[in-house]
Amino acid sequence: MTTALIVIDVQESFRRLPLWQAVSDPGIAGQVSRLVEASRDRGDLVVWVLHSEPGSDTVFDPASGHVRLMDGLAAAKGEPQLTKTSHNAFTTTNLQQILTERGIRELVVCGIRTEQCVETTARVGSDLGYAITFVTDATATTPLEHRDSPAGRSVAEILADPRTLSTDDLITRTEYALAGRFATVTTVKELTGS
């Protein structure tokens, strides 16, 4: 075993956010499940990572009850489950230690948000010397408001703003930024053969 699938932030918290109605792939758990099954079949390690913001009184606060895997996903016995408080899966967890102890050299990354936690994990992993495979269609994201946008706008206002980056734009930008620099960009079908 030299490869690990890192499942990042595929958690119920995101489904509680208003912008979830504009997510790139509301069925992200199904795509991730396909990757997980294929990884297990190959004997690869599967690592589950959740994002937590303790004391924030948000859907990312563990007290909310939403910092858990999306329905339909579950870790198998022996699969590490980590909780992070940073954008990438390395900085605030013992992920690198787990990977080093098991001789892992290649990472397959997927999860939520394409351009944020998943991309950041891919970049940091690459800098740490891992060969990274970024599975674009097993990631999901929501439209991104312009930095100067006023707070508290409705989803309709956010989507109507021409400065808002669409999910397609975010995913394409991430693919361009990663491919050939930090990761090999691929799809679930290319990895699983189905």
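Preceding block: the structure.
Residues numbered from 1 in each chain as written. Predicted model: local features only at pLDDT ≥ 70, side-chain atom pairs only at ≥ 80, totals over all residues. Heavy atoms only, no water.

Peer 1: Explain the pairing of strand β2 (residues 45–51) to me, using residue names and the numbers behind them.
Peer 2: The element β2 is extensively covered by neighbouring structure, given that 7 of its 7 residues are classed as buried. Of the two faces of β2, the one lined by Leu45, Val47, Val49 and His51 and the one lined by Val46, Trp48 and Leu50 are each fully buried. Pairing geometry for strand β1 (residues 3–8) and β2, over 5 bridges, is parallel. Residue pairing for β2: Val7 is matched across the bridge by Trp48. Bridge count for β2 against strand β3 (residues 81–84) is 4 bridges, and the pairing is parallel. Bridge pairing in β3 links His51 to Lys84. (Buried < 20%, exposed > 50% of the residue type's maximum accessible area, 1.4 Å probe, protein only. Helix = DSSP H or I, 4+ residues; strand = E, 2+ residues; numbered from the N terminus. Pairing = 2+ DSSP bridges.)

Peer 1: Just give me the short version of the environment of Arg173, but keep the residues and values in it.
Peer 2: Examined against the element boundaries, Arg173 turns out to sit in helix α6 (residues 167–178). In this structure the C-alpha to C-alpha distance between Arg173 and Ser52, which are 121 residues apart in sequence, comes to 26 Å. In contact with Arg173, not counting residues within four places along its chain, are Glu115, Glu119 and Arg123. Here the side chain of Arg173 touches Thr174 through a polar contact of 3.4 Å, side chain to side chain. (Contact = heavy atoms within 4.5 Å. Polar contact = N/O pair within 3.5 Å; in protein donor to acceptor, adjacent residues only side chain to side chain.)

Peer 1: Please set out the pairing of β1 residue by residue, giving values where relevant.
Peer 2: Within β1, 6 of the 6 residues are buried, which leaves it mostly tucked inside the rest of the structure. Relative to strand β4 (residues 106–112), β1 is paired through 6 bridges, and the arrangement is parallel. In the strand pairing of β4, Thr3 is matched with Glu106.

Peer 1: Please provide a residue-by-residue account of helix α4 (residues 114–127), values included.
Peer 2: In this model α4 runs 18 Å from its N-terminal to its C-terminal C-alpha over 14 residues, within 8% of the 20 Å that 1.5 Å per residue would give. Within α4 the residues assigned to the buried category are Thr114, Glu115, Cys117, Val118, Glu119, Thr121, Ala122, Gly125 and Ser126. For α4, the elements touching its buried residues are β1, β3, β4, β5 (131–140) and α6. Residue Gly129 follows α4 closely and has a positive phi angle near 100°. (Expected span 1.5 Å × (residues − 1).)

Peer 1: How would you explain the side chain of Thr133 if you had to name every residue and give the values?
Peer 2: Mapping Thr133 onto the fold places it in strand β5. Beyond its immediate sequence surroundings of up to four residues, Thr133 is in contact with Leu107, Val108, Val109, Thr184, Thr186 and Leu191.

Peer 1: Would you mind going over the sheet that holds β5 in detail, with residue names and values included?
Peer 2: Across a sheet, paired strands are connected by hydrogen bonds in the backbone, their directions being either parallel or antiparallel. With parallel pairing, 6 strands are arranged side by side in an open sheet as β3-β2-β1-β4-β5-β6. Edge positions in the open sheet fall to β3 and β6 (184–186), since each of these has one partner strand only. Mean inter-strand twist for the sheet, computed between neighbouring axes without regard to direction, equals 25°. Packing of α4 onto the sheet brings it into contact with β1, β3, β4 and β5, and relative to β5 it is tilted by some 170°. Seen against the sheet, α6 touches β5 and β6 and runs at an angle of roughly 175° to β5. (Axes fitted to C-alpha atoms, helices over the stretch in contact; angles between N-to-C directions.)

Peer 1: How would you sum up the packing of aromatic side chains? Please name residues and give values.
Peer 2: In this structure the tally under the stated criterion is 2 aromatic pairs. Here the aromatic rings of Phe14 and Phe60 are separated by 5.1 Å at their centres, their planes lie at 75°, and the arrangement is edge-to-face. Here Phe14, found in helix α1 (residues 12–15), pairs with Phe60, found in the loop between β2 and β3; they are 46 residues apart in sequence, far enough to count as distant. Per residue, the accessibility class of Phe14 equals that of Phe60, and both read buried. Pairing Phe90 with Tyr130 gives two aromatic rings, centres 6.0 Å apart and planes at 25°, and the pair type is stacked. One end of the pair, Phe90, is in the loop between β3 and α3 (95–101); the other, Tyr130, is in the loop between α4 and β5, and 40 residues separate them in sequence. (Phe/Tyr/Trp six-rings, centres within 6.5 Å; stacked < 30°, edge-to-face > 60°.)

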